[in-house]
Each structure stands twice: as C-alpha cells, then as structure tokens.
Amino acid sequence: MTSTDMRKDAEDSGPSGYAAARLRLLTEGARSGPPRRCALSELTDDWLAGLFTAGSEELRGVSLVAVGGYGRGELSPRSDLDLLLLHDGADPQAVAALADRLWYPVWDLGLALDHSVRTPAEARRTAGEDLKVQLGLLDARHLAGDPGLTAGLRTAVLADWRNQAPKRLPELQELCAERAERQGELQYLLEPDLKEARGGLRDATALRAVAASWLADAPREGLDDARRRLLDVRDALHLTTGRATDRLALQEQDQVAAELGLLDADTLLRQVYEAARVISYASDVTWREVGRVLRSRSMRPRLRKLARERSDFLRRAVAGDGRALGGGKPAPERSPLAEGVVEQDGEVVLARAARPERDPVLPLRAAAAAAQAGLPLSLHAVRRLAATVRPLPTPWPAEAREQLVTLLGSGQPTVEVWEALEAEGLVTRLLPDWERVRCRPQRNAVHIWTVDRHLIETAVRASEFTRRVSRPDLLLVAALLHDIGKGWPGDHSVAGEIIVKDVAARIGFDRTDVAVLSTLVRHHLLLVETATRRDLEDPATVRSVAEAVGSQGTLELLHALTEADALATGPAAWSTWRGSLVADLVRRVSAVLAGDVPEEPEAAAATAGQERLAIEAVATGGPVLSLRAQTEPPADPAEQPAGDPEPLGVELLIAVPDQPGVLPAVAGVLAMHRLTVRTAELRALELPSGVEGSVLLLNWRVAAEYGSLPQAARLRADLVRALDGSLDIAGRLAERDAAYPRRRGVVAPPPRVTVAPAASHLATVIEVRAQDAPGLLFRIGRALEDAGVRMRSAHVSTLGANAVDAFYVTGHAGSPLPGDEAASVARKLEEMLRG
C-alpha cells in the first residue's frame, strides 16, 4: 500500500483509520529508515490537519505547528508528537475548544504528546527564557491553519536566535557539557543512550542550531549519515521493545541488530560507535570554532582602534613619497612549532611553505608538535594532509618513528590529536592493522573504553612511566599495540605477537627491538595474572615467568606496561593490592634473572602470634581468630605520602583444630558477613613440644563489600556454629539471594574449571573462572572437600562480574594429584558450578 493510500484511509476513518494505517506502515518490512520516518510524519500531518479542520469552520489567526524532531519530519515509531497551537489571541475560547479537539484523539490512541498553546509573543518570550524551547522552535514546520502566522513566528525566532547567538551559544555548549558529564560518551558505552549521551542525537541537533546561528558550522562530511544511522537504530529499538526508549540495553541489542539486518550485536555497537565518533568530533571542531569567533568579536573594537593607530603611525613614517600605508586587517600571528608546522589562533596549522605531497613525515610531525604543545590540530590542516600526503616508505625513516614516539609520549593531549588523525583516516593509513580494532566494543564490565581508545589510553598512562625504563620508545609502542590482536579470532595475545612483529619491522625497529616488542605483546597479561592467581612462594611460578621474559630490560618494560594497561582499563583492574603483588613478583623474577635461583621452600615457622592462637585453639577445642589491617610501605621511603599508608585489606588469621569442612565453613561465614576474600592460605601448623593436637592455620586477606568489618567475636560465634553443623550456611545464603529481585541482563557464560599444567611442583593448580556471586568460594570449598582433596592455598581475583580463582590442592599425603584424578576433580567442580 502506498503512502497516498494510507493517508486516504486515515482521512476517511478518523483516529481508527490513522491507527490502522500507522500500524501497517510500521510493520512494512520493505520500508525502513528515512523513507519510513518521512512517511510516518506525512501520515501524521494529514491526520492532525484533518482534526484541525473537522467539525467547525476554519479559525482565522490560528495555526498548528510541528516543532522539534516532528518539525524535522523525523518521527520514530514511539516518538513524542511535539506540537504548538499558535494563535493571535483574538478568540481564546475557540482556541481552547480546538486544542481539546486536537489533543484528546492523540491521547486516546496512546501516543505521547508534548503540546503548548501560545501567541507568537508568548512563544518568543518562552524561547528567550528556555533554551530547549528555542531549539525546538528552530525546527518549526507548518501543519494546518494560518500559514502566515507560522511563517512570521519562524522568521522572528530565527532572527532572535541569530541576534542572541553570542549569549545563547555558550549556554548551549554548557548544556551539552553537562549532559555529557551525566550520560557519558556514546562511543564507549555498552548500554548507550542514543539521544542524551555525548555524540548522540541531542548533539547532532545542537550542531544544527549552531549552523542556524550563522556564526560557525560543523564539518559536514559524514555528519548526516551518522545522524541517520543513530535514528535507524532508535527506530529498530522502538519496534523491538514496543517502548519509547533511547537506551540500547544489552539484552535488546541482538534483536535490534536482527531488525537492521546486521550480523550481530557487536556489529551494531560498532556502527553506533562510529556514528557517535563522527558527531563527537564534529562537535569538538564546531565548539572550538564558536569560541574562536566569539573571542574575535569581543576583541574587534580594540583591534580596530589599534589598526587605526598603526595606520596613522605608518603614514607619518613614510618618507615623502606621498603614498599612505594602510592599516588593513592585522595578519594573525603564526608561531613556528616544527618544520612545516605553526601555531595560529590556538590551533596547529601547516606553514605556508609546507608541501605535504613531498613530505610523508609531515602528518606525524604535525601531530607530535600539536600534542607536545597541548593544542588541537586544525580541521583544515588534517584534511589537507589526508588529501595530499604521500605514504611513508617501508621501513619508515628514523624521523617518522621518532615523531610517533613523541606523539605517544605527550600524555593526555595525545588523545585529541589522535582522534583528529583518525577522523580523516590518517591512522589506518599509517597502521593498517588499526582498522580491525577501531570502534571495537569490549563486552567486559572491567573495560570502560573501546579497544582502540584503550590502546591510546594505555600509551597516555605509559607516558607517565617513561622515566622508569631504559627504553621508553619500546614501552610507548608496546602500549599502543598490546591489544592489536583483538581484531582477530583466538587468543589476542598470540595474534598480537604475530601482528606486532610485522608492524614493528615496518615502523623501522631492528630485529632485537622487534623481538622485545613481540615478547611484551605476547606476555602483557603475564605479570598480573601470575601475581594474582599463583603462589609466589613456589619456585616453579617464578622460574616460568623468568623464562618467558628472558631479560632484566624486558622485565622492566613489562612491569611498566602491566601497570599502564591496568590503569587504562578501568578502576576495577588495578589497586594497591594488585600493584603490591605484581611488584613482589617482579622482585622475585629479577632475582632469578640475576642468577639467584630459588630453592624449594620449607614450611614457614609459625610466628609467636600464630603459635599463641594455635595453643588457644587446642585449649578451647574451637576456632580462634584475629583481625588486623594490613598496609604496604613503599619500596623507597622517600615516596611515602603524607599520612598513614594505604590499607591493602584486613588480615584474618584463624586457628582451628584439624577437622573436615574447615574451608567451606570459613568461606561461608565470610560470605554471610559480606566479606570479599582477596587471598587465602591454609596449612597445618606444627605445635610447640609438649602441646598435643593438630591445628589448621588459615591466613586470609579480606575486605568489606560495604560498611565496616564485623566484630571478631561475631565471626567466631558463627564459625563455631558452622563447624558443629548448627548453622545452615547454604540456606542462609540462598535466602539472602532470594530476597533480591532478579534483574534482566546479559546471560553469563558458563563457568569453566581447568587444571593448569606444570604450574607448580608442590601442588595441583585448579583454575576456576565463573560469574562472581555471594557464596561462590563457599560452594567451591565444599566441592573440594567432597572431592577428598586438601587446599594448600587460594588466590582469588574478581574482575568486574568475573571471578578468576586458582586453588593449589594436594592429596592427603601432601603431594600433587595424579593427572587423571586432577582432571576428575576439575570436571566435578565445573558440573557443580554449572548446576
């Protein structure tokens, strides 16, 4: 059915006809995107025009006006109808009756309506008081009634906007900044708000308003297409959810992708991010231009005065030839920054003598100069470079490599400059492998950036550590490329190692440096994973890291890269505790690389405090515990900040007579009291001579999920009950879990339990990767007890919603488990967690 047929049905049948025609339009598979939005607007226009003229004589001095998104003819399936009933004030009662005749049918159909009834003077006054109203009126479109009334208002509103632009544009910019602070960056959010987040539809509307002011204009290339893509996604979101929502929730992304004919949710997000990036970059450029124009206007009277004075001075200085040297407009100051690169009016531009077509290093030189100066690259300069520069030879000349390192080492200004290069396609010309990670989402709550932005953020963080390493150039390039393998299937570290060998050679590094870079990329997760999931007292752990790293220089670089990577990932990826564990591992590996081979450790002698707890446990026949805060002093006392050292957690020391079920009992009691376990160690303690009995010592580091720690007496009382069976831990945890409403969300991948091969000579290492949940450690501990194994130590790590835990277990004789038995324990543990 054609749009004309639909409109005729709507006109013939009133509201029910409009509703039916609207439904047919929205369910037509052949029509989507701009044609459907336009058709829906036209259908609604005709229906409202019919309501306007139905049932009475046409009123004079009254018109119906569409504003906002409806005024632009962009109705999404669940969009509000933004309407203004404009009148000249001659017959208020008739206008009120007309309003009822218009609004009630809209409400009866369940359509959202944003309406107002005003005279032109009232509309202009309201617009002057409320910026959002003024923005809506900039898109005013006549629907029915007196067209002259609508045209007069539109002309007046545009004139007001242009006259008031020096005042209103800074207000609009502040409004956009506040919204961005509140909603975040659309191009990095896993559940973005397509309208309100920075780079979304609101910002696209703001750019239209800036253009309407005639003070500045946004870069047009790609902007309309980006806006269209976001509108298409919002249409699909409305259709799949049946709701007027702009938030692209995780659980709806697959359906939205299918509605748009896309491969999957990742493809959808990548398209959304690309569109948002275009709008964000256009916003940056536009607001920078607005600021420049407004500064120029504010200085113009003073400049005119200075120009007149200069002109008079020059005329007086002329040596009698009678010619007057005019003052003219002063040429803008241009300060040299590098060869072919100058600063002008707060931006980095190309020098007049620059020849991009003859100078392939110029893009990197200009970018490095801009980042070092903390200035933006001008849009004109970047576009000229993109249009004319020749590709770099392979391998790159030394200057190009040095300029790249300079750019990466410039700190936070690197981000804005890199984005400018990327907006015009220069990054992928320099590094073709970048295309696979560009705008690539990371479906991990720990990561707050897309892959490409994470790489740049890592370089920014690494620039802070360049004084810690002997080869800062290798550190910065490794930071830029460490996740480059995420654009390929399989283990991204393995893929990245292959890619970086090619990229590093193309950039111009020699074989030795290429080998170091490939090692850094291959093992960029090695230190933090080993430090948080392995027993550092086990010589096999330290030797394996030393063999992988190979040299002191590489270890130094890997340590700095590890910290930069974690800091650039997000708040959950790094902490003082993780930093202390990594630093401890680095010290041990450094000693091995220096020739200090660790011996197999003997059982550590009990401290006086531990012995005291053990003797008390034997005397009382029950558990005894102590709690104390732990802090880590800096390696260099000169670096100690003012005040107390930062706490690393709370040490929970428990001595209990040896008996079955100790591990799950302690883990369950800690879960009941909402204590997070960071590390756990369990061992049998040798008692002093003359003291009979066998005591287990549990040394755990814990932290409260929120609030303060429980009293030691309460923990002990619950532990006594857990050990004698009078406290139903599983039931209590189940009750607490049931008390919280279940929310829809991403379906977590199933847990995975594996045996780490050759991880230790002292024990079998079982790794558990699962969705973090209260009582998880309790369930694992109980399963290990049921399997008849003893736990030597546990290394617990939580990354966002994911628990990654390693358990060192032995048989009752204290030896590692045979291979088949270890595999059986892992299989049964995985089945329990999946059940």
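Residues numbered from 1 in each chain as written. Predicted model: local features only at pLDDT ≥ 70, side-chain atom pairs only at ≥ 80, totals over all residues. Heavy atoms only, no water.

### What about the nonpolar core?
To keep things clear, this is the line we draw: The nonpolar core is taken to be a set of buried Ala, Val, Leu, Ile, Met, Phe, Trp, Tyr and Cys residues, with the residues joined through side-chain atoms within 4.5 Å. Buried residues are those whose accessible area, probed at 1.4 Å on protein chains only, stays under 20% of the maximum for their type, while exposed residues exceed 50% and partly exposed ones sit between those limits. The contact criterion used throughout is that any non-hydrogen atoms of two residues lie within 4.5 Å.
Formed by 94 residues in total, the largest nonpolar core has its most connected members in Leu377, Trp396, Trp418, Leu431 and Trp434. When sequence neighbours within four positions are dropped, the list of residues in contact with Trp434 reads Trp418, Glu422, Val427, Thr428, Asp452, Leu455, Ile456, Leu480 and Ile484.

### Side note on unusual backbone geometry
Glycine aside, a negative phi is what most residues show, and trans is what most peptide bonds show. Rules: Think of it this way: any DSSP run of H or I at least four residues long counts as a helix, any run of E at least two long counts as a strand, and we number them from the N terminus.
A cis amide bond, omega -5 degrees, links Thr394 with the succeeding residue Pro395. With respect to the element layout, Pro395 can be found in the loop between α14 (379–388) and α15 (398–408). With a phi close to 70 degrees, Trp214 is a non-glycine residue in the positive phi region. Relative to the helices and strands, Trp214 resides in the loop between α9 (201–213) and α10 (223–241). The exposure class assigned to Trp214 is exposed, which follows from its relative accessible area of 67%. Phi angles above zero are rare outside glycine, and Cys439 is one such case at about 60 degrees. Note that Cys439 resides in the loop between α17 (426–430) and α18 (451–462). Among the residues examined, Cys439 registers a relative accessible area of 0% and is labelled buried.

### Examining the packing of helix α30 (residues 776–786) against helix α31 (residues 819–834)
Under the convention used in this document: In this analysis an axis means a line fitted to C-alpha atoms, helices contributing only their contacting stretch, and an angle means the value between N-to-C directions, from 0 to 180 degrees. Oblique is the label for any angle not covered by the other classes, which are roughly parallel (under 35 degrees), roughly antiparallel (over 145) and roughly perpendicular (65 to 115). Two helices cross in a left-handed way if the nearer one is turned anticlockwise from the farther one by less than a right angle. They cross in a right-handed way if the turn is clockwise. Under the scheme applied here, ten amino acids are nonpolar (Ala, Val, Leu, Ile, Met, Phe, Trp, Tyr, Cys and Pro), four are charged (Asp, Glu, Lys and Arg), and all others, including Gly, are polar.
Their axes nearest at 10 Å, the elements α30 and α31 cross at an angle of 140 degrees. Taken together, the axes of α30 and α31 lie oblique to each other. Taken as a pair, α30 and α31 cross one another with a handedness that is right-handed. Where α30 approaches α31, its residues Leu776, Arg779, Ile780, Ala783 and Leu784 are matched on the opposing element by Val825, Leu829, Met832 and Leu833. A per-class count over the contact of α30 with α31 returns eight nonpolar, no polar and one charged.

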